[in-house]
Amino acid sequence: LIIHSLQNEDKRVKEIGIPYPAEYMARLINAVTGAYLLGFDVIRVHGRERITYDDREMIKKAIRQLVGLEIVEEDASSITAQFLLEPTTLDPEKILRRMHMITNGMHRDAITSLLESDMHLMRIVIERDDEVDRLYFLLVRLIRSAVQDARLASRFRLSSIDCLDYRVAANVIEAIGDVSVEVAKVAAILPSSTLDEDITDILKSTRDLTERMQEASVKAFLTRGAEEAKEVLEIFGRLTAGFGKLEALASKKPPHIASSLLGLSASMSRIARYSIDIADLAIPMYPILR
């Protein structure tokens, strides 16, 4: 029997240097994000020449978007950031639940902003996507670390298959946030005054059902619950019927309104299918749906 101690283990700090200047700043920023996701503890951007003010601000902005990564050293030609959180104190399930709660509220509020022509709420929805991205990057970092460290995976109570499923689920939930932003932006080009009562009723029903569907799918994933997976399928059937009605009503509208409504229907349909994908990780439903 071999027992590994997480408290007394010899921890080696993983460091990486990223040269400055890069051919394109976008590549340098991607390198910083990539190093974070790969589990590097210290990320140092360094060069023989001074880092310009604009480039420095871009690098700092990228670092601020990564949870736990803080600038610990800085001079004219280098910026050093270090990951200061202890992985064993984090909980992948709680992070996934947090991503779910934010994104579920995003598509609900996106539809509400459209129905009420609330531009302030629309902007709030768009801003929330940044927080979802931050949590997503943190979760991916933790899962990758757990795959490489059996002791950390044991602390998280995750098997290799669980790690794979978490990675997929996190990616799908992050995608829901991105599509929710698309839905919110429809509010900026489609005044609620152009929506008749039938369309409004369908959108309200879609908002409520999509929220319930994602809640059921995430619960099914986390608990491997068959009943929740069945509920996801039942809601999906009702949503599909609603999308068909919305598209039929949109076809009778002027082209610019019809285009927005059809785009909205397609986006909400994608969110519903993403929920199917999450539930599918718990109870495979491929034969049933297709």
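Owing to the predicted nature of the structure, the values given are computational and were not obtained by experimental measurement.

Chemist: Any chance you could explain the environment of Phe 156 here in plain terms?
Modeler: Note that Phe 156 resides in helix α5 (residues 150–156). Here Phe 156 falls in the buried class, since its relative accessible area comes to 7%. When the C-alpha atoms of Phe 156 and Asp 91 are compared, they prove to be 6.7 Å apart, with 65 residues separating the residues in sequence.

Chemist: What am I meant to see in unusual backbone geometry here?
Modeler: The phi angle of most residues is negative, glycine excepted, and most peptide bonds adopt the trans form. The step from Tyr 20 to Pro 21 runs through a cis peptide bond, and the omega angle for that step is 0°. By the secondary structure assignment, Pro 21 is in the loop between β1 (15–20) and α1 (25–37). One non-glycine residue with positive phi stands out, namely Arg 157, at about 60°. For Arg 157, the location among the structural elements is in the loop between α5 and α6 (160–186). Since its relative accessible area comes to 64%, Arg 157 is described here as exposed.

Chemist: Honestly, the pattern of salt bridges in this entry has me stumped. Any pointers?
Modeler: When the charged atoms of two side chains lie near each other, side chains of opposite charge can form a pair. Enumeration over the complete set of coordinates arrives at 19 salt bridges. Between Arg 56 and Glu 74 there is a salt bridge whose closest N-O contact spans 2.8 Å. Of this pair, Arg 56 sits in helix α2 (residues 53–64) while Glu 74 is found in strand β3 (residues 69–75), placing the two residues 18 residues apart along the sequence. Take Arg 56: its relative accessible area is 11%, and that puts it in the buried class. A salt bridge links Asp 109 to Arg 128; its shortest N-O distance comes to 2.7 Å. Here the residue Asp 109 occupies a position in helix α3 (residues 92–116), and Arg 128 occupies one in helix α4 (residues 119–148), the gap between them amounting to 19 residues. Each of Arg 108, Asp 109, Arg 128 and Glu 211 takes part in one network of salt bridges that share partners.

Chemist: I'm lost on helix α8 (residues 226–250) in this one. Help?
Modeler: Given 3.6 residues per turn, any residue in an α-helix points the same way as the ones three and four places further on. For α8, built from 25 residues, the straight-helix expectation of 36 Å at 1.5 Å per residue is met to within 8% by its first-to-last C-alpha distance of 36 Å. For α8, the set of buried residues is Glu 228, Ala 229, Val 232, Ile 235, Phe 236, Leu 239, Gly 242, Phe 243, Leu 246 and Ala 250.

Conventions adopted
- Just so you know, the residues in each chain are numbered from 1, in the order the chain's sequence is written.
- Only residues with pLDDT of 70 or above have their local features reported here, since the model is predicted, and side-chain atom pairs are shown and tallied only from 80 upward, although totals for entire chains, interfaces and linings are computed over all residues.
- With hydrogens and water excluded, all non-hydrogen atoms of the structure serve as input to the side-chain values.
- Numbering of helices and strands runs from the N terminus; a helix is a DSSP stretch of H or I covering at least four residues, while a strand is a stretch of E covering at least two.
- Partly exposed describes any residue whose relative accessible area lies between the buried limit of under 20% and the exposed limit of over 50%, with all areas from a 1.4 Å probe on protein chains only and scaled to the type maximum.
- By salt bridge we mean one thing: a side-chain nitrogen of Lys or Arg within 4 Å of a carboxyl oxygen of Asp or Glu.
- In this analysis, the expected span of each helix is defined as 1.5 Å times one less than the number of residues it contains.

Everything listed is a geometric property; what it means functionally is a separate question.
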